[in-house]
Amino acid sequence: MTLAAIVLAVAALSVWLDRHRDRTAGLAGSTDVNDRDRVRVHDELRYLT
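Residues numbered from 1 in each chain as written. Predicted model: local features only at pLDDT ≥ 70, side-chain atom pairs only at ≥ 80, totals over all residues. Heavy atoms only, no water.

## Focus: the overall build of the protein
Put simply, the test is: Helix and strand labels come from DSSP, where a helix needs a run of H or I of at least four residues and a strand needs a run of E of at least two; each type is numbered from the N terminus. Methods summary: accessible areas were calculated by the Shrake-Rupley approach with a probe of 1.4 Å, and residue burial reflects only the protein chains presented.
Broken down by element type, the protein carries 2 helices and 0 strands. Carbon and sulfur atoms make up 64% of the accessible area of the protein, which totals about 4800 Å².

What follows is the structure in structure tokens.
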């Protein structure tokens, strides 16, 4: 039971850190939460596949 709790805690921490990284992955000093350039590049790459 303890192992399951530890695995669940590590998984939750991993998800939280991944979301935090996505929000802060934009340009330095950018306060825009939705980085429009990142969205544009993602759309262009999706078009190519």
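## Brief notes about the pattern of salt bridges
Our working definition: Take a side-chain nitrogen of Lys or Arg and a carboxyl oxygen of Asp or Glu: if they are within 4 Å of each other, that pair is a salt bridge. A simple rule labels every residue: compare its accessible area, found with a 1.4 Å probe on the protein chains alone, to the largest value its type can have, and call it buried under 20%, exposed over 50%, or partly exposed in between.
With the rule as written, the count across this model stands at 3 salt bridges. The partner of Asp37 in a salt bridge is Arg40, with the nearest N and O atoms 2.5 Å apart. Placement of both Asp37 and Arg40 in helix α2 (residues 36-48) is noted, with a separation of 3 residues, approximately one turn of the helix. A relative accessible area of 41% places Asp37 in the partly exposed class. Residue classification places Arg40 among the partly exposed residues on the basis of a relative accessible area of 40%.

## A short note on a nonpolar patch on the surface
Note the following rule: Patches draw on residues past 30% relative accessible area with no salt bridge. Two like charges within 9 Å are joined, as are two nonpolar side chains (Val, Leu, Ile, Met, Phe, Trp, Tyr) within 5 Å.
On the surface, Val41, Leu45, Tyr47 and Leu48 cluster together to form a nonpolar patch covering roughly 480 Å² of accessible area. Mapped onto the fold, Leu48 is located in helix α2. Residue Leu48 is classed as exposed on the basis of its relative accessible area, which comes to 66%.

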